[in-house]
Amino acid sequence: MTRRQSKRLGRVGGIGLLLLAAVAWADLPASAVASSAPDEGNPRVEGALLVDVTQVKPGDTFRAGVRFRLDPGWHIYWKNPGDSGLETEVAWDTPGSTVGPLKWPFPDTFRTPDGFITTYGYDDEAILVADVKAAEGATTGALTLSAAVEALVCEVHCIPAELVLTRSVPLGPETLRDAETAAVLDAEVAKVPRPVADSGHAVSVALDAPSLTAGQAFTGALTLARTGGAAVPAVEGDFFVAERIPGVARLDLTADGPGRFKLKGKAEPDLQATAPGLTGVLRLGTAATGYQYLEVTAPLAPMVAAANAAAPAVVKPPSVKDSIAAVKPVGAAVAPRAEESSVGLGLALVFAFFGGALLNLMPCVFPVLALKAYGFTRMVQQEQGRVGAHAAAYAGGIIGTMLLLAGGVLAVRAGGASVGWGFQFQEPLFVAGVCAVLVAFALNLFGVFNVGLDGTALAGKVDQSHGLMHSAGEGVLAVVLATPCSAPLLGTAVGFAFAAGPATVLAVFTALGLGLALPFCVLVLVPGLAKKLPKPGAWMERFKQVLGFALLATTVWLVWVMGGLAGVDGMARLLAFLVAVGLVTWLYGQGQAQDGVRKLATVGVAAAVLVASGLLTLRFEEQGPAAAPRTGSTMALAQPWDDAAVQAALAAGQPVFIDFTADWCLTCKFNERTVLSTDEVRDAFLQHRVAFFVADWTRRDARITAKLAEHGRAGVPMYLVLSPGAPDKPEVLSELLTTGLVADAVKRAADCAPSKLGGPNVLCAAGFPSH
């Protein structure tokens, strides 16, 4: 069956194709046929192990082939898959026998609709053939032949396929050929390119430049001549496919007359001093005249030049750590000094205040914000002074916690270590503690226990005292939950503070706390505003319980964060501890209804359960630096951040987008889901050939901390866009992204690429704006 017939018959659908294959291969043993790559219950590829003999004599050679049949529209990959995909691999297991290399037929070429990605492989049907020399020795019995196949089967999406094909070949005094199978294999081997020297042709390559230059494009000409002076057949379609050539990123041929071809390629940035050779497969002829397949091999250049003054230099931004290594210990991440920053102290304090206010709109702080709104509504009928006292307590809790956090930053920094905004969420024990507090708060809202109400004669004073402490505690919780979030203006202010002296750190964190407390300070400062809150009623009790579920939802997120820090085992240990916390709060609530010795005994048991469960469960082992799987059409293009890889991409003329993120950063996840994973951003990245890197700061990483500090930031998210035309002037995007913002930024970076400009450009030289 020809490929064209296979395509025509394949239109009946995947199930019909598999039924047809079952009929055609009915005489094969069951172990020699397998299917894989299931998609919606339908396997997209079927494989069979063919041999061209029915009996083989020990020591003789026969042929074996792995035959692939694919559903319409699906394909597998050639030995050089191209811009995407994976090479199809066949591992042979033939005890005592020897298997030669696979013979690859000339591949088809597949392109995305925009032409940006080109891959090579086979659709409908293909056979990979190899020669097998039967083991010497016994003349009776059977030879066992097994092939383990790994392939990537793709349409719009890709599915890994694994096939294990096994069959036995009888041994005998002579080799008996299977004429039908031999004809099938002969037809496929006829499409395997032959070396030029064996085909009566000669090939030569002449480059337009005397040498290749690392990271630079090159052009030239390839000439093909037939011995005896006969004309070289014409070519059509995708007639040339290059193999993997070390040191060469891409190589293409275009026809320039009979036997003449224009050559165009690009050298890799890490091109070695040894000249690479052109290796590829060439198809001569047309569908009307028939095809001839050649394997072309020729040297590209007699020498290779390193990147020099003739090529645009790739300027690597100076490392802050390197520039001050004389005065700081190696490994300490140091930010630029505050006095060198374009942000002054006054502006930093303004940014901190409004950045703190904007944090109230972030999902991290919302549960506490709702709790506080509930509390103010409950007190709306009371005197203004009491409302003011609670607002002051809430603000005091926020500012006090901010100052404690600032003191912790200064202490850690004094020890030579590097920290950033939200750094405490890199500690599993801290995450566990916050989860325990959230669960306890939620159970309090559900009425499992009460805070400060014991029904004694001092109820009024105790209620007032504990009420203010409760408001202060809510302020503490607001700070704790705010640190995984970022907001516009916040990154600049905190980055400035982390690079400055102790007094500036304390001042900026105080301004940040005042901004975070702003909504409830406004309730006190604006006359009559508190009276506009809804009147208390029965609805408040139900609303309070709904807020408990909001706190539990925040706990679920933190349990997920723990999974990134300590793996599945860490999540299980944390969940066990939270169950114990629930038991402890219930015991405490039971004790509140008791008196005397019973109350003390119940509280003692609760404390013992809490301590014992903590000692047993809160033992976390930090995970290795494994990259978390990322979803989304654009996120699938991402690769782990590495400064050397970034420089290589820039040297290759690609714009670069770097996403500095963390699993515990809700702002990061919001941007990832609503902007970076959209088709609009993906299309922009593909159109402009953007190299997309993800710097994951979920766990401690001194390299990422140093890079954040280098750009005046103390935490994530941070988004950098670098242009190959101005690699030392990156554009720093806003903490809150939009699709238009990202698309415009990568377009600006691409427009500054040297390959487009052909020389220096004043716009690129001026750098990019900082958002």
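As the structure is a computational prediction, the values presented were derived from the model and not from experiment.

Moving on, we get to the overall build of the protein. Helix and strand counts for the protein come out as 21 helices and 28 strands. Residues classed as buried in the protein amount to 48% of the 771 residues present. Considering only contacts within the protein whose residues lie at least 6 apart along the sequence, 76% involve residues at least 24 apart.

Further remarks concern the confidence of the model for the protein. For the protein, mean pLDDT is 75; residues scoring 70 or higher make up 70% of the total. Low pLDDT, under 50, characterises residues 305-343; the predicted model gives this stretch 52 contacts beyond four residues in sequence or across chains.

Let's shift gears to the side chain of His201. When you line up the elements, His201 lands in strand β15 (residues 201-207). Within the structure, His201 has its side chain in polar contact with the backbone oxygen of Ser199 (distance 3.1 Å). Apart from the residues lying within four places of it in its own chain, the contact partners of His201 are Val196, Leu224, Ala225, Arg226, Leu284, Gln292 and Leu294.

Before going further, it helps to examine helix α8 (residues 428-445). With 18 residues, α8 should reach 26 Å at 1.5 Å per residue; the first-to-last C-alpha distance of 26 Å fits that figure. Burial within α8 is extensive, with 13 of its 18 residues counted as buried. Gly447 lies just past α8 and shows a positive phi near 90°.

As a further point, take the sheet that holds strand β22 (residues 290-299). Taken in spatial order, the 4 strands line up as β14-β22-β21-β18 in an open sheet, and their pairing is mixed. Where the open sheet ends on each side, the last strands, each with one partner, are β14 (194-195) and β18 (240-242).

Of note, Leu737 is situated in the loop between β28 (726-732) and α19 (739-751). Judged by its relative accessible area of 6%, Leu737 falls in the buried class. Between the C-alpha atoms of Leu737 and Thr674, which are 63 residues apart in sequence, the distance is 8.7 Å. The contacts of Leu737, once residues within four sequence positions are left out, are Asn671, Val675, Leu676, Tyr719 and Val742.

What follows concerns the pattern of salt bridges. With the rule as written, the count across this model stands at 21 salt bridges. Put simply, Lys191 and Glu188 hold a salt bridge, and the shortest N to O gap is 3.2 Å. For Glu188, a relative accessible area of 8% corresponds to the buried category. One salt bridge connects Arg250 with Asp252, and the closest N-O pair in it is separated by 3.9 Å.

Here the focus is the sheet that holds strand β7 (residues 98-99). On the basis of which strands lie adjacent, the open sheet formed by 5 strands has the order β1-β2-β4-β10-β7 and antiparallel pairing. Edge positions in the open sheet fall to β1 (33-39) and β7, since each of these has one partner strand only. Pairing of strand β2 (residues 42-51) with strand β4 (residues 61-70), which is carried by 7 bridges, proceeds in the antiparallel orientation. Note on β4: the bridge partner recorded for Val51 is Ala64.

Here we come to the packing of helix α17 (residues 679-687) against α19. Contact pair α17 / α19: the axes reach a minimum separation of 9 Å and the direction vectors enclose 0°. Considering the angle they form, α17 stands roughly parallel to α19. Contacts between α17 and α19 involve Val681, Ala684 and Phe685 from the first element and Thr739, Val742, Ala743 and Val746 from the second. For the contact of α17 with α19, the per-class residue count stands at 6 nonpolar, 1 polar and no charged.

Turning our attention to the pairing of strand β8 (residues 108-111). Of the pairings in the sheet, the one linking β8 to strand β9 (residues 118-123) comprises 4 bridges and is antiparallel in character. Across the sheet, Thr109 pairs through a bridge with Tyr120, a residue of β9. The turn joining β8 and β9, which pair antiparallel and follow one another in sequence, is formed by 6 residues; a positive phi near 75° is taken by Gly115.

Tallied over the full model, the rule gives 1 disulfide. Linked covalently through their sulfurs, Cys154 and Cys158 form a disulfide whose S-S length is 2.0 Å. On the sign convention where negative is left-handed, the bridge of Cys154 and Cys158, at about 115° about the S-S bond, is right-handed. Looking at Cys158, the relative accessible area reads 39%, which means it is partly exposed.

The subject of this paragraph is the nonpolar core. Grouped together as the largest cluster of nonpolar side chains are 40 residues, with contacts concentrated most on Phe62, Val66, Phe68 and Val153. Mapped onto this core, the elements with two or more residues apiece are β1, β2, β4, β5 (75-82), β9, β10 (125-133), β11 (142-154) and β12 (158-170). The greatest single-element share of this core, amounting to 6 residues, is contributed by β11. Excluding anything up to four places from it in sequence, Phe62 contacts Val51, Asp52, Val53, Val56, Ala130, Asp131, Val132, Ala134, Leu143, Leu145 and Arg177.

What follows concerns the packing of aromatic side chains. Evaluation of the coordinates by the stated rule reveals 9 aromatic pairs. When the centroid spacing of 5.4 Å and the interplanar angle of 50° are considered together, the rings of Phe657 and Phe685 count as tilted. Placement of the pair is Phe657 in strand β25 (residues 656-661) and Phe685 in helix α17, with a sequence separation of 28 residues. Accessibility assignment for this pair places Phe657 and Phe685 in one class, buried. Its guanidinium or amino end placed over the ring of Tyr291, Arg283 lies 4.5 Å from that ring's centre, counting from NZ or CZ.

What counts, and at which threshold
Numbers given to residues run from 1 along each chain, matching the order in which its sequence is written. Local features in this predicted model are restricted to residues whose pLDDT is 70 or higher, and side-chain atom pairs enter the listing and the counts only when it is 80 or higher, whereas totals over whole chains, interfaces and linings include all residues. Calculation of side-chain values draws on the structure's entire complement of heavy atoms; hydrogens and water are dropped beforehand. The helix and strand labels rest on DSSP assignments: H or I over at least four residues marks a helix, E over at least two residues marks a strand, and numbering proceeds from the N terminus. The buried label applies to any residue whose accessible area, calculated with a 1.4 Å probe on protein chains only, is under 20% of its type's maximum; exposed applies above 50%, and partly exposed to all values in between. Note on contacts: a residue pair qualifies if any of its non-hydrogen atoms lie within 4.5 Å across the two residues. Every residue is assigned a pLDDT by the predictor, reflecting its confidence on a scale from 0 to 100. N or O atoms within 3.5 Å of each other form a polar contact, as long as, within protein, one can give a hydrogen and the other can take it, and as long as residues adjacent in sequence are counted only when both atoms are side-chain atoms. Residue count minus one, scaled by 1.5 Å, sets the expected span of a helix. Should DSSP find at least two bridges between two strands, the strands are regarded as paired. Salt bridge, as used here: a side-chain nitrogen of Lys or Arg that lies within 4 Å of a carboxyl oxygen of Asp or Glu. Here the axes come from fitting lines to C-alpha atoms, over the contacting stretch only for helices, and the angles between their N-to-C directions go from 0 to 180 degrees. Here the word oblique covers every angle except those under 35 degrees (roughly parallel), over 145 (roughly antiparallel) and from 65 to 115 (roughly perpendicular). Think of it as three bins: nonpolar holds Ala, Val, Leu, Ile, Met, Phe, Trp, Tyr, Cys and Pro, charged holds Asp, Glu, Lys and Arg, and polar takes everything else, Gly as well. Note on disulfides: each one is a pair of cysteine sulfur atoms within 2.5 Å. Residues belong to a common nonpolar core when they are buried Ala, Val, Leu, Ile, Met, Phe, Trp, Tyr or Cys residues joined through side-chain atoms within 4.5 Å. For Phe, Tyr and Trp, where Trp contributes only its six-membered ring, two rings pair if their centres lie within 6.5 Å, and the inter-plane angle classes them as stacked under 30 degrees, edge-to-face over 60, or tilted in between. Criterion for a charge above a ring: Lys NZ or Arg CZ within 6 Å of the ring centre, and within 35 degrees of the ring normal.

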